[in-house]
Amino acid sequence: MENRPSVILIALLLTLVGCRGEPHGDSAAAQIEQVLERHNERLLSIPDVTGTAIGERDGRPCILVFVVKKTPELMKKIPSTLEGFQVVVEETGTIRPLSFTDRPPRRLP
């Protein structure tokens, strides 16, 4: 029974080390939403960033940052990770809202 405290200590350490790994599962979904919420305003304040979202890369959740055009200067301003989550930058071009024409909508039969 002398080994029991050391076994418990080792199990506790392995549990703590495991928790420091990359987030996964349902808790990762909640975590990444909170991470994006904390950093969204700063990301959107970077010139030529048009939007952000939560996505998936290689089976893991990631933060997507949409930009008008990927340039070396812009890539230096966007972090590669945020609180342990990979940041993926995607070039989208300029995003504009759709405009309506002056025609009235067509009525369906």
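Above this text is the structure in question.
Residues numbered from 1 in each chain as written. Predicted model: local features only at pLDDT ≥ 70, side-chain atom pairs only at ≥ 80, totals over all residues. Heavy atoms only, no water.

1. What to know about unusual backbone geometry
- At Asp-48, a position not held by glycine, the phi torsion is positive, near 75°.
- Backbone geometry places Glu-83, a non-glycine residue, at a positive phi of 50°.
- Take Glu-83: it is sitting in the loop between β3 (81-82) and β4 (85-91). (Helix = DSSP H or I, 4+ residues; strand = E, 2+ residues; numbered from the N terminus.)

2. A word on the pattern of salt bridges
- A full pass over the atoms with the stated rule returns two salt bridges.
- Here Glu-83 and Arg-38 are joined by a salt bridge, their closest N and O atoms 2.5 Å apart. Note that Glu-83 is positioned in the loop between β3 and β4 and Arg-38 in helix α2 (residues 25-44), a separation of 45 residues in sequence.
- Of the charged contacts in the structure, one is a salt bridge between Arg-57 and Glu-90, with a shortest N-O distance of 3.4 Å. Here the residue Arg-57 occupies a position in strand β1 (residues 49-57), and Glu-90 occupies one in strand β4, the gap between them amounting to 33 residues.
- With a relative accessible area of 29%, Glu-90 lands in the partly exposed category. (Salt bridge = Lys/Arg side-chain N within 4 Å of Asp/Glu carboxyl O. Buried < 20%, exposed > 50% of the residue type's maximum accessible area, 1.4 Å probe, protein only.)

3. What to know about the environment of Asp-48
- Summarising the element assignment, Asp-48 is placed in the loop between α2 and β1.
- Considered as a pair, Asp-48 and Gly-93 are 45 residues apart in the sequence and their alpha carbons are 9.2 Å apart.
- Leaving out residues up to four positions away in the same chain, Asp-48 has contacts with Phe-66, Val-67, Val-68 and Leu-74. (Contact = heavy atoms within 4.5 Å.)

4. Topic: the environment of Val-89
- Following the sequence through the fold, Val-89 ends up in strand β4.
- A sequence separation of 20 residues divides Val-89 from Lys-69, and the C-alpha atoms of the two residues are 9.8 Å apart.
- In this structure Val-89 touches Val-65, Val-67, Lys-70, Met-75 and Ile-78, once residues within four positions along its chain are discounted.

5. Quick look at the pairing of β1
- Inspection of the sheet shows β1 paired to strand β2 (residues 60-67) by eight bridges, in the antiparallel sense. Residue pairing in the sheet places Ala-53 in a bridge with Leu-64 of β2.
- Remark: two residues form the turn of the hairpin made by β1 and β2, two consecutive strands paired antiparallel; Asp-58 in that turn has positive phi of roughly 55°. (Pairing = 2+ DSSP bridges.)

6. As for the sheet that holds β2
- On the basis of which strands lie adjacent, the open sheet formed by four strands has the order β1-β2-β4-β3 and mixed pairing. Each having just a single partner strand, β1 and β3 make up the two edges of the open sheet.
- Pairing of β3 with β4 involves two bridges; the strand directions are antiparallel. Directly across from Leu-82, in β4, lies its bridge partner Phe-85.

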